[in-house]
Amino acid sequence: MAPNPMNREAEARREGAWWRVYALPLACLALMCGATAYLAYASYKSTHPQPHTVIIIPSNWSLRAANKSITVGGQVPGGVYSDLLAANVLSEGDLYYRYNDLNYRWVSKENWTYSSVLNVDADVLSYTRVVLVFEGLDTAAEVFINDMSVGKSTNMFARYVFDVKNHLKASSDNTIDIWFESPVEYATRQYNIQSANYVVPPKCLPSDYNGECHANHIRKMQSSFSWDWGPAFPNSGVWKNWKLTAWNSLIFQIITSSQGWNVTVKVWCDAAVASGEVLGSFTITLGDISTTKHRVTAQVSNYEALLEFNLVFSENLVDLWWPNGYGAQPLYKLTAYWENENQTENSTKVVKVGFRTVELNQDYVDLNDTSKGRHYRVYVNNVFMFMKGSNWIPAHILPEMVTPEYTRYLLQAAADVHMNCLRVWGGGIYETDVFYEIADELGILLWEDLMFACSMYPVNQAFLDTVKKEIVTQVRRLQHHPSILLWASNNENEVALRDNWYGTAFNFNQYKEDYITLYVDTIRPLVLELDDSRSYVVSSPSNGIKSENDGYISQKPGDTLYGDVHYYNYISNAWVGDQTPIPRFSSEYGFQSWPSFITMRDVTIEEDWNRESPLMYHRQHHPLGQPELAVQIGIHMHMPAQDGSLKAYQDYLYLSQIHQAVAIKVETEIYRRWMSEINEKGEGYTSGALYWQLDDIWQGASWASIEYGGRWKMLHYYVKKMFSPVIIISSFIENENVVELYVVNEWFQNMTNATVVVSLHRYDTLGPVKTVNKSVHVEAAASSRVATLSMDDDLDQVTLCKEGLYDVKDVCFLTYKLLNSVGVLVTPENYRLLGEPKDAYILHASVQTGDITGPIATPQSNWSFNVSVKTDTVALFVWLETELPGVFSDNGFLMAQEEAQVYFYAVKKITVEDLKSSLTVKSLTDTYQKVYPFATFPENPDIHPNDIRNVVFA
Ligand code: BMA
């Protein structure tokens, strides 16, 4: 399992106690270290022929509340919540413990100041320019040097540079104070000012969110005021790196590089002078492929200069970068080096780049009939590829809590289940550099939303100005990453306006005008100026080009013939999927579930362990989420009786995960199946399935496939199968009693002489009762129908699935797989339950774990264990669980045979005994309160086995 972000909290806590005990010695130590560092620096400087730019970063900070009632040690970068937790001011336990989101809310209503002391020698002040650079101030802040204001911030996502040369003195006790206004107060104030003209909604979030109002009036992580899957912890602090820096010519800020083989490298520089020319030399090195040095005259304007250089080299000098599953991800070091004219100063910047082309193709699907709409297809290196993936939300409500290790763990978990794309969703943050670097390494394409979500936004000049600053900061920072697929300026704001989500219809034109002002007139030209190598789409969902032609707010932003759709339907039978749309691209779809008991247990106590407990409602932010979940579970399975037992609670969590896993499997298979064909309405050519959502921000009901902390839900195991490069799926034609088999083959080779193996099984019999093998031809890089079988004629359903009064679909089910021409299994084995499990003629399964052997080293883990699982009858949704960190090779699976072998991949060293003693296994019938007492169907056919079970709906 992942390095749990909560460990970081625990560490912070420990450090907090430590801080208080050792405050004085610590301060002395810091002074001594500072002095030593300073002496080292001074000696370096006197002997080195080319003095570098000076950078001073103090590490000892204090944090105090505006009313001075609280003063603690502070971390910069960091945030107030973590510092108060570390200092034990937040003394009621972990941030996420029970109701602590409410208990600790007062923090966000306070104004806070971080203070420290800067030791500046006279030499520093002799540089032409001396500034403070903040890569991220969260959010409404004012910075003071020696009690004089040097600059203000209003945007968490913008880089700020404040001139401090005239405010600093050559002394060891320059004070620096960074004052943060309560983000909640600030947002309310901005709302009040704006609403004097007209209200920019939503005014507040639904009450189920337990959140704060007016997030859309502050340029801050929108979900930090809460969301339908997460709590409100509106943070304050210096959340990214900062430095005090002094120089005479240029220092590099960021490198951008165009795509393709005519590479334009742009290096944005901070200049020491406001305008004019700076002379020097500029060297660009690409791996060991090319190095070029030039004399340059940088033109400076507004303290910025842009050095630009074209590298042209032949295609065969580099290897192509490919998305996960399509090839390798070679990355090349691009190094820029600057030296000023008299060689007294230099600056270096290194980024890793990859070589690939990327296109979002929106051609008409049928040039002869344009009413059939347009594609929404991603081509990388001119190859069309179906986007398989999910949506990424912030991995913790406090960005400072997310470690690079946890980020890697989550992205690796996405790559491990064959994802090639993630959407960085617009209500979170522009992620950390490390996030994009890992995505580059793993070949995960990123659909990068800009951070606007589910709201109308103001367009007063101050707001637009700060947004411009944000876009420049972020697009420049992220542009060089090969993983970035496209920019999308907002999440669901077009559809929100069109469908009147926030009561804007009465003044539609005003809000539409504002929408265009922000996303089309302000943001778009900026993004395209900074990066013309990728597509810019205005919203998600949108109809793409069609939305633009419709004046940016289409009549039907979810049109299946254009662009992308977000599809949620919590009342249909999700396991049948007969209402699933057939869109060009599904960029959001999902169902909720609860995390495992192991995850919930961390933040709850016994009285919460009941699906109707106040705590469970507190952790369910989605309005109507509880009844919807109960309905969905109840359509397919028996909801455990509310007997107050721990087992009933655990069973409920497990059933919620089953419901979610199967629902997403069914929906995803429909999207993948439609990759290569269209129906008579023109629907189809589906080219992407990004389910909502990959990760969790805390322990609560959500759409995630990975729980907070890293434990895989059942869904994530299902994702591994449904996103496999080659899958076999079925479609049932009810009125003909016929099953169609499709193979989706991502590989670029046809498969001739492959064999589809379809087996009919009875729930009361281990092993198939009938198997049909069909020799088939599978198309390359396509989804194709390979076989059609009649349930009666080919599979003898009528005779083989007879059982008393049972419907044949409740007695039998199907499994199917594909073997290649030499008999090797090339797809995960798939199954189709013909009816609902709650009605099935299913016997109580006694599932046990058998031999466990290991550890052996596998590519997944040095501590991999083979686990044998045995059953005495057909078992559904077999679920293995251990407290030990790690994942299984498969889980939540169907056992239609006596034995299954799975691997457990431990994260760290464990023994067989460790695993044995912690491993549990269960299957669906273990959730039944009363076990049907007979081994076979009773004499009296009037008794339906399910009737005697305790079935309760809330
Ligand atoms: C979509 C997303 C999120 C939300 C999710 C589940 O609307 O864009 O805003 O969390 O659905 O409701």
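Just above sits the structure.
Anyway, here's the lowdown on the structure attached to this text.

The rules we used
Residues numbered from 1 in each chain as written. Predicted model: local features only at pLDDT ≥ 70, side-chain atom pairs only at ≥ 80, totals over all residues. Heavy atoms only, no water. Core = buried A, V, L, I, M, F, W, Y, C linked by side-chain atoms within 4.5 Å. Buried < 20%, exposed > 50% of the residue type's maximum accessible area, 1.4 Å probe, protein only. Helix = DSSP H or I, 4+ residues; strand = E, 2+ residues; numbered from the N terminus. Phe/Tyr/Trp six-rings, centres within 6.5 Å; stacked < 30°, edge-to-face > 60°. Lys NZ or Arg CZ within 6 Å of the ring centre and 35° of its normal. Near = heavy atom within 4 Å. Polar contact = N/O pair within 3.5 Å; in protein donor to acceptor, adjacent residues only side chain to side chain. Areas by Shrake-Rupley, 256 points an atom, 1.4 Å probe, with all protein chains shown as cover. Nonpolar A, V, L, I, M, F, W, Y, C, P; charged D, E, K, R; others polar. Disulfide = S-S within 2.5 Å. Pairing = 2+ DSSP bridges. Axes fitted to C-alpha atoms, helices over the stretch in contact; angles between N-to-C directions. 1 Å grid on protein atoms, 1.4 Å probe; cavity = no way out; pocket = protein on both sides within 12 Å on 5 of 7 lines; lining within 4 Å. Points joined across faces, edges and corners; volume = space filled by probe spheres on them. Left-handed = near helix turned anticlockwise from the far one by under 90°. Contact = heavy atoms within 4.5 Å. Expected span 1.5 Å × (residues − 1). Bend = angle between axes of the 7 residues up to and from the residue. Parallel < 35°, antiparallel > 145°, perpendicular 65-115°, else oblique.

Side chains that are nonpolar tend, in soluble globular proteins, to be buried together. Core analysis: the largest hydrophobic core is formed by 212 residues, its most contacted members being Leu132, Ile178 and Phe877. Residue contributions to this core peak at 13 residues, all from helix α17 (residues 646–673).

Aromatic ring pairs are defined here through the distance separating the ring centres and the angle between the ring planes. Under the definition given, this model contains 44 aromatic pairs. Arranged with centres 4.9 Å apart and planes meeting at 75°, the rings of Trp227 and Trp425 form a pair that is edge-to-face. Separated by 198 residues along the polypeptide, Trp227 in strand β11 (residues 225–227) and Trp425 in the loop between β26 (421–424) and α9 (433–442) bring together distant segments of the chain. Trp425 shares its class with Trp227; the two are buried. Of note, Lys922 hangs over the ring of Tyr654, and the distance from its end group to the ring centre comes to 4.7 Å.

What follows is about the site of the ligand. Trp227, Asp228, Trp229, Trp425, Cys454, Asn491, Glu492, Tyr568, Glu588, Trp692 and Trp703 make up every residue found near the ligand. Note that an oxygen atom of the ligand is positioned 2.9 Å from one of the side-chain N or O atoms of Asn491. Residue Glu492 places a side-chain N or O atom 2.7 Å away from an oxygen atom belonging to the ligand. Notes on the ligand: free accessible area 300 Å², of which the protein chains cover 91%. Split by residue class, the shell around the ligand holds seven nonpolar, one polar and three charged.

This brings us to the state of the cysteines. Evaluation of the coordinates by the stated rule reveals two disulfides. With its sulfur 1.9 Å from that of its partner, Cys204 forms a disulfide with Cys213. Handedness of the Cys204-Cys213 disulfide follows from its S-S torsion of about 100°: it is right-handed. Using a relative accessible area of 23% as the deciding quantity, one classes Cys213 as partly exposed. Each disulfide pairs two cysteine sulfurs, and for Cys801 the partner residue is Cys812, the sulfurs being separated by 2.1 Å. Disulfide Cys801-Cys812: the torsion about the S-S bond is -105°, which places it as left-handed. With Cys801 in the loop between α19 (797–800) and β38 (812–819) and Cys812 in strand β38, the pair connects residues that are eleven residues apart, well separated along the chain. Here Cys801 matches Cys812 in class, with each residue buried. Taken in sequence order, the bonded cysteines of the chain link in the pattern 1-2, 3-4. You can see Cys421 has no disulfide; the closest cysteine sulfur is in Cys454, sitting 19 Å from it.

Our next topic: the sheet that holds strand β17 (residues 275–286). Within the open sheet, the seven strands sit side by side as β15-β16-β19-β18-β17-β20-β21. Their pairing is antiparallel. Of all the strands in the sheet, the pair left with one neighbour each is β15 (250–257) and β21 (346–353). Across the sheet, the axes of successive neighbouring strands diverge by a mean angle of 25°, strand direction being ignored. In this sheet, strand β16 (residues 262–271) lies alongside β15 in antiparallel orientation, the contact comprising seven bridges. Bridged to Ile255 within β16 is Val267.

Right, let's get into empty space enclosed by the protein. Scanning all chains against the criterion turns up seven cavities of 30 Å³ or more. The computed volume of the largest cavity comes to approximately 90 Å³. Around the largest cavity sit 14 residues that line it, and Arg711, Trp712, Tyr717, Leu880 and Phe888 are the ones nearest its centre. Looking at the lining of the largest cavity, the elements that each hand over two or more residues are β42 (875–881) and β43 (886–888). Looking at the lining of the largest cavity, its residues break down into seven nonpolar, four polar and three charged. Taken as a whole, the second largest cavity holds about 70 Å³ of empty space. Lining the second largest cavity are Val200, Ser455, Met456, Tyr457, Asn493, Tyr511, Asp514, Tyr515, Leu518 and Tyr519. At five residues, the largest contribution of residues to the lining of the second largest cavity is made by helix α12 (residues 508–530). Residues that form the lining of the second largest cavity fall into these classes: seven nonpolar, two polar and one charged.

Attention shifts here to the packing of helix α8 (residues 404–416) against α9. Contact geometry of α8 with α9 gives a least axis separation of 10 Å together with a crossing angle of 30°. Along this stretch, α8 crosses α9, giving a crossing that reads as right-handed. Residue-level inspection shows Pro404, Thr407, Arg408, Leu411, Gln412 and Ala415 of α8 in contact with α9, the latter providing Val434, Phe435, Ile438, Ala439, Glu441 and Leu442.

Turning next to unusual backbone geometry. At the junction of Val76 and Pro77, the peptide bond is cis and its omega measures out at 0° in the coordinates. On the secondary structure map, Pro77 appears in the loop between β3 (71–74) and α3 (80–86). Residues Pro201 and Pro202 are joined by a peptide bond in cis, for which omega reads 5°. Assignment of secondary structure puts Pro202 in the loop between α7 (183–195) and β11.

For α12, which comprises 23 residues, the first-to-last C-alpha distance of 31 Å matches the rise-based estimate of 33 Å (1.5 Å per residue) to within 8%. At Ile523, α12 shows its strongest bend, of approximately 40°, with the proline Pro525 following within four residues.

A few words on the packing of helix α16 (residues 625–636) against α17. Interaxial distance between α16 and α17 falls to 9 Å at its minimum, and their mutual angle equals 75°. Between α16 and α17, the interaxial angle falls into the category roughly perpendicular. Touching Gln626, Leu629, Gln632 and Ile633 of α16 are Tyr652, Leu655, Ser656 and His659, all from α17.

Attention shifts here to α16. With twelve residues, α16 extends 17 Å between its outermost C-alpha atoms, agreeing within 8% with the 16 Å of an ideal straight helix rising 1.5 Å per residue. Counting buried positions over the twelve residues of α16 gives ten, a clear majority of the element. Turning to α16, its buried residues are Gly625, Gln626, Glu628, Leu629, Ala630, Gln632, Ile633, Gly634, Ile635 and His636.

Any functional reading would require information that these geometric values do not contain.
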